[in-house]
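Commentary on secondary and tertiary structure
Here are the chains, one letter per residue:
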Amino acid sequence: MVNLYRKRLREYAMSLLVFTALAVIITATYFHQIQALLPIAALLLALRIFLTSTDANVRRLSGILSFCFGASTLSNVSWYLVPAMVSGGFVDTAEYYYVTGMFWLIGYVAISYVLLKMKNSRQWYIDRSLDRLITAIAVIGFLLVALLVFPNLRWDSPNVIDILILLVYLCLDIVILTLTLKLVYMDLKSDLKRLVHAIMLFFGINMLGDLLFECRWLFGLSSMVSFNIIGAEWTLNIRNTTDLIYEVSLLLMTGYLFFCVIDPFRSHALDDARRRLKDTRLFVDDLVAKSPDATCICGRDGRLLVVNDSFLRTFGLERKAISNSCNLFGYMSQIISDEGISGQISGVSNGETVIIPRIRISNIKGGRKGDFYINLKMFPTLGANGRIINYVLIIEDITERVLAEEALRESEEKFRALTDLAPVAICILQDGRFMYANSAMEAISGYSKEDLSSISFLEMVHPDALNYIQGRYDEWLAGDGNGEFRSVLKGIRKDGDVCWIDLSRKNIDYQGRPAILITGIDITDRRYAEEALRESEEKFRSLVENINDMVWETDADGKCTYASPKTRDIMGYEPGELLGKTPFDFMIPEDAERISGAFRQFRALQAPFGLLEYTIIRKDGSHATLETNGVPMFHQDGRFKGYRGINRDVTERVRLEKELIDAYHSLKEEYRRKTDFTNAAAHELRTPLTPIIGYTEILKSEIADERHRKYLEIIERNAIRQKNMVNRMLELASLDAGMATVNRTEFPLRPLVNEVADNYRTVNPDIRVDVPEGLRVTTDADAIRHILDNLVSNAVKYSSNGGPVEIRVAEEADRYRFSVKDRGTGIPREEWDRIFERFYLVGGDKDNRTGGRIGLGLALVKAYVNLIGGTVWLESEPGQGSTFYFTVPKEKQPAGEAANVL
Ligand code: ADP
């Protein structure tokens, strides 16, 4: 509405201006001052074009022209009209002249500028060779003008400034003509083209005037120049001619502008419109044909109008297979079997733009085989009245993209499956957040994938490591080098437990932005194991360094590879001094030979060894005795590595042992000497007893006096007791001296036992014998007899009430057990251990001793039992009686030393 109103206003203004221009021309003709008034008309017309045209370039050009003509009018009014009216003459002052000229010059430059802008506009196009040709003509024009002016210019001429200014005008004439000529060959709109024509016309003629003027000043011609041509005399008023030319140019231009405004040949515009329509049609056809997308246009009824090659290629069709009469909607529903999609497409008839992405099409009849994917866009084009004229269908073949996406999705699925199975934690970090995390990451961190997507990576870093990691994170992203990195990170699991992660990272692009791919192995257990190992190593080291023994290691050749600090105390050497040397290097020569021989044997067997004793020479030259134990060491692959062991300083112990042995030997010698003395003494004591007893016997039979006989009996009894005691002492002494030997024979036991029992039945008739019938034993029969004799003798002796005495022999697995039991006085418990000692009497009963008891019987029993390899013990209850046991081994035993009873 507003536009229409404006248009009306413009039309009115236009009419007014045209009439004004006409009035101006008529007035000018009336006053014969057309030169002065024409620019006014031209100005009005240019103004009118400026107002009516919608073309920016036309408006710009006509605006400039308005300015030029306005300036020209101003100067003309002051130059011609005012003086003509006031003084009836023409004012020809230099000032007026230059002011006017300056306005024109500005106008020239402005026109040149606008034309140049138009010429360089990307809206139009000129053939390149034509462009060059016109430029070449312009250059020739410049050269010709230069050739005309400069050779003929006299610098002392009063018009030199005028000549040079006019030269500028001439050059600008050429520039404007050249540009208009180029524009004429461009595809300008008719209004603009006409305006350009008008300018070309004006400046073409104007240039002739400028040339004439230039020649006049250059060659100093007077206003009137006479020519003699073919005998006739011609006179030319140059000044008037020039003015005429200018006037003609103005007149023509004004006329042409009038013509443009009135435009009597409307058909021009119609042709122009038709041509443009055709151009548009060709343009659209070209656009469709060259579009990379499959495009076709159909009429309102669906009839196919335009199909491009890309469309045919996409569907694999021949052009003839899809004729112009084909109905596009029908065809589309035929190839897209999905009814839903066909329905959507038909929605375009409601004026909607239909966009359907990713349609899958397979096996077109007579066309492309196999599956392919398209994006479909269909929209109607509307006419001026808003009705649908055509439908445009644009199809984008996205098969490659879809396949690539599918391949990508597949590979992504594979990647996910693979990473989910991996025992290593894998995650992608971007801006400190987890963009991806696999199952192992869940297991290690304790966080679920959902948890991980909402927490920051730094929340999982242990406070100890937080500062370090915060500082590094940006560096990681900056990607120094290739961005690969490995380290051990102290982290915190969801439950607050500390964990150790062996971390590797790599910078990657994730969804188009930098990210960090992290893999992590949980080494917490290993770390703790390492710590435990280190602790235990430290423990053992401190143990090794603090024990009194020296710990060492050798290689397979016996060369020392480690020696503990104790080396200093034991050997006097620094541990380092031993390295590379063998232990034999420090031994006294005879031991070095002996021990190295032994070592070679152990080495060959790779066997452990122990208690090797040898003497070394310490650093200070003193000797020390060491005792060595060693165990072999092996490499992981089972190869022999060397020995590890300890050296103990046994110098003191060896010295003590030696002293002890020496003491033992001297004691034994002493004892032997004493025994010899006792034996000799006993022999000497026994020797006089035999004649005493013998002669007492004789005297008894010869002396009748009862009293003397009694004395003799006392002498005889004491002598016999003394002899018995001496005999026993001698017997014991011979056992002690190891002179008694075991005489093993096999014999029946029962007769021997009965024989002993019979000896005492006269004193105690109740002696019972319980020996298995026919039992034969292999041992020393005399020893058995002596033992039984002593035990039965005691049993009878200490059974004053005459209770029964039982002698029993029982056969056991590997021995015979003898027992002699009485119902006598018994022996208190505290005496049991001591009664086997020599000369020991229960209760230290001296009276008893004088009563014939000497305390050697049980000592002899023990000595004999030891001799035959048995043991002796007793059980007793005071007042109830005693039982003495002794055993005889069935197999031959190493003879016990009788001296053990000492
Ligand atoms: P003696 O020659 O005095 O009998 P023994 O060595 O045979 O010496 O005995 C040591 C002591 O053991 C005896 O003095 C006696 O007190 C005690 N004794 C030994 N046998 C018996 C026994 N069967 N009953 C009680 N006491 C006994």
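Residues numbered from 1 in each chain as written. Predicted model: local features only at pLDDT ≥ 70, side-chain atom pairs only at ≥ 80, totals over all residues. Heavy atoms only, no water.

**Focus: the environment of Lys 700**
Structurally, the position occupied by Lys 700 is in helix H21 (residues 651-702). The spatial distance from the C-alpha of Lys 700 to the C-alpha of Lys 710 is 8.7 Å, given a sequence separation of ten residues. For Lys 700, the residues in contact, after removing those within four places along its chain, are Arg 709, Leu 712, Glu 713 and Glu 716. Looking at Lys 700, its side chain comes within polar contact range of the side chain of Glu 716, at 2.8 Å. (Helix = DSSP H or I, 4+ residues; strand = E, 2+ residues; numbered from the N terminus. Contact = heavy atoms within 4.5 Å. Polar contact = N/O pair within 3.5 Å; in protein donor to acceptor, adjacent residues only side chain to side chain.)

**Some thoughts on the sheet that holds strand S15 (residues 609-617)**
The pairing of strands in a sheet comes from backbone hydrogen bonds and takes either a parallel or an antiparallel form. In space, the five strands of this open sheet follow the order S14-S13-S17-S16-S15, with antiparallel pairing throughout. Taken across any chain shown, the strands that pair with only one partner, and hence form the sheet edges, are strand S14 (560-563) and S15. Here the strands of the sheet are splayed against their neighbours by 30° on average, with no regard to which way each runs. Pairing geometry for S15 and strand S16 (residues 623-634), over seven bridges, is antiparallel. For Ile 616, the partnering residue across the bridge sits in S16 and is Ala 624. The sheet strands contacting H21 are S15, S16 and strand S17 (640-649), and the helix crosses S16 at an angle near 120°. (Pairing = 2+ DSSP bridges. Axes fitted to C-alpha atoms, helices over the stretch in contact; angles between N-to-C directions.)

**Let's talk about helix H24 (residues 781-797)**
Between its first and last C-alpha, H24 extends 24 Å over 17 residues, near the 24 Å set by a 1.5 Å rise per residue. In terms of burial, H24 is a largely internal element, twelve of the 17 residues being buried. Every buried residue of H24 is accounted for by Ala 781, Ala 783, Ile 784, Ile 787, Leu 788, Asn 790, Leu 791, Val 792, Ser 793, Asn 794, Ala 795 and Val 796. At the N-terminal end of H24, a side-chain oxygen is found 3.1 Å from the backbone nitrogen of Asp 782, two or three residues along, and the residue is Asp 780. (Expected span 1.5 Å × (residues − 1). Buried < 20%, exposed > 50% of the residue type's maximum accessible area, 1.4 Å probe, protein only.)

**What about the pairing of strand S11 (residues 498-510)?**
Note that S11 and strand S12 (residues 513-522) share ten bridges and pair antiparallel. Residue pairing for S12: Ile 501 is matched across the bridge by Asp 522. In sequence, S11 turns back onto S12 through a hairpin of two residues, with Gln 511 there showing a positive phi of about 50°.

**Here we look at the packing of aromatic side chains**
Overall, the coordinates contain 20 aromatic pairs when judged by the stated rule. Summarising the aromatic geometry, the rings of Tyr 573 and Phe 586 are spaced 4.9 Å apart at their centres and angled 65° between planes, so their arrangement reads as edge-to-face. Here the residue Tyr 573 occupies a position in the loop between helix H18 (567-571) and helix H19 (575-578), and Phe 586 occupies one in the loop between H19 and helix H20 (589-605), the gap between them amounting to 13 residues. Linked through ring pairs, Phe 584, Phe 599, Phe 602, Phe 609, Phe 634, Phe 640 and Tyr 643 together constitute an aromatic cluster. In this structure, Arg 527 packs its charged tip against the face of Trp 500, placed 3.8 Å from the ring centre. (Phe/Tyr/Trp six-rings, centres within 6.5 Å; stacked < 30°, edge-to-face > 60°. Lys NZ or Arg CZ within 6 Å of the ring centre and 35° of its normal.)

**A few points about helix H23 (residues 749-761)**
Look at H23: 18 Å from first C-alpha to last across 13 residues, which is about the 18 Å you get at 1.5 Å a residue. Looking at the packing, one finds that the buried side of H23 touches strand S18 (744-748), strand S19 (767-770), strand S20 (776-780), H24, strand S21 (805-811) and strand S22 (815-821).

**Overview of the nonpolar core**
Membership of the largest hydrophobic core comes to 57 residues, with the highest contact counts inside it found for Leu 61, Leu 65, Phe 69 and Ile 111. Looking at this core, the elements with two or more residues in it are helix H1 (2-31), helix H2 (34-52), helix H3 (56-86), helix H4 (94-120), helix H5 (128-149), helix H6 (160-184), helix H7 (190-219) and helix H8 (238-262). When neighbours within four sequence positions are excluded, Phe 69 is seen to be in contact with Pro 39, Ala 42, Leu 43, Ala 46, Trp 104, Leu 250 and Met 253. Core analysis: the second largest hydrophobic core is formed by 49 residues, Leu 752, Leu 860, Val 872 and Phe 884 among them. (Core = buried A, V, L, I, M, F, W, Y, C linked by side-chain atoms within 4.5 Å.)

**Some details on unusual backbone geometry**
At Arg 358, a residue that is not glycine, the phi angle is positive and equals roughly 50°. Residues other than glycine seldom take positive phi values, yet Phe 839 does so here, at roughly 60°. Structurally, the position occupied by Phe 839 is in the loop between S22 and helix H25 (846-850). Its relative accessible area of 40% is what places Phe 839 among the partly exposed residues.

**Considerations on the sheet that holds S19**
Judged by pairing direction, the sheet is mixed, and its five strands sit side by side in the order S19-S21-S22-S24-S23 without closing on themselves. The open sheet terminates on both sides in strands that have one partner only, identified here as S19 and strand S23 (872-877). Across the sheet, the mean angle separating the axes of adjacent strands is 15° when strand polarity is ignored. With seven bridges connecting them, S22 and strand S24 (residues 881-889) associate as antiparallel partners. Its bridge partner lying in S24, Phe 818 is registered against Phe 886.

**So, the pattern of salt bridges**
Scanning the entire structure with this criterion turns up 46 salt bridges. Residue Asp 420 pairs with Lys 449 through a salt bridge whose shortest N-O separation is 3.5 Å. Of this pair, Asp 420 sits in helix H13 (residues 399-421) while Lys 449 sits in helix H15 (residues 449-454); the two residues are 29 residues apart in sequence, bridging distant segments of the chain. By relative accessible area, Asp 420 is classed as partly exposed at 29%. Taking the relative accessible area as the measure of exposure, Lys 449 reaches 30% and is therefore partly exposed. Salt-bridge contacts for Arg 655 lead to Glu 652; the nearest nitrogen and oxygen are separated by 2.4 Å. One end of the pair, Arg 655, and the other, Glu 652, are both in helix H21, three residues apart, so they sit about a helical turn from each other. Look at Arg 655 and you get partly exposed, because its relative accessible area is 40%. Residues participating in the shared-partner salt-bridge network are Asp 766, Arg 768, Asp 770, Glu 806, Arg 808 and Arg 823. (Salt bridge = Lys/Arg side-chain N within 4 Å of Asp/Glu carboxyl O.)

**Quick word on the packing of H5 against H6**
Relative to each other, H5 and H6 sit at 165°, their axes nearing to 10 Å. By the angle between their axes, H5 is roughly antiparallel relative to H6. Crossing of H5 against H6: the hand is right-handed. Across from Asp 131, Ile 134, Thr 135, Ala 138, Gly 141, Phe 142, Val 145 and Val 149 in H5, the residues of H6 making contact are Ile 163, Leu 167, Leu 170, Cys 171, Ile 174, Val 175, Thr 178, Leu 181 and Lys 182. Split by residue class, the contact of H5 with H6 holds twelve nonpolar, three polar and two charged. (Parallel < 35°, antiparallel > 145°, perpendicular 65-115°, else oblique. Left-handed = near helix turned anticlockwise from the far one by under 90°. Nonpolar A, V, L, I, M, F, W, Y, C, P; charged D, E, K, R; others polar.)

**Quick notes on the environment of Asp 173**
Relative to the helices and strands, Asp 173 resides in helix H6. Considering only alpha carbons, one finds Asp 173 and Tyr 108, 65 residues apart in sequence, at a separation of 7.8 Å. Here Asp 173 is in contact with Tyr 108, Phe 203, Met 207 and Asp 210, once residues within four sequence places are set aside.

**Digging into the environment of Asp 55**
Within the secondary structure, Asp 55 is located in the loop between H2 and H3. Owing to a relative accessible area of 11%, Asp 55 belongs among the buried residues under this scheme. Put simply, Asp 55 and Lys 189 are 134 residues apart on the chain and 8.7 Å apart in space, counted from C-alpha to C-alpha.

**Things to note about the confidence of the model for the protein chain**
Within the protein chain, residue pLDDT values average 83, and 88% of them lie at 70 or more. Scored below 50 in pLDDT, residues 896-902 shows 15 contacts in the model against residues more than four places distant or in partner chains. (pLDDT = per-residue confidence, 0-100.)

**Quick word on the pairing of strand S8 (residues 425-430)**
Of all six residues in S8, six are buried, a share of seventy percent or more. The side-chain alternation of S8 yields two buried faces, one formed by Ala 425, Cys 427 and Leu 429 and the other by Ile 426, Ile 428 and Gln 430. Looking at chain direction, S8 and S12 are connected through five bridges and run antiparallel. Residue pairing in the sheet places Ile 426 in a bridge with Thr 519 of S12. Both S8 and strand S9 (residues 433-437) contribute to a ladder of four bridges, which runs antiparallel. Among the inter-strand pairings, Leu 429 is bridged to a residue of S9, identified as Phe 434. Taken together, S8 and the strand that follows it, S9, pair antiparallel across an intervening segment of two residues, in which Asp 431 is found at a positive phi of about 55°.

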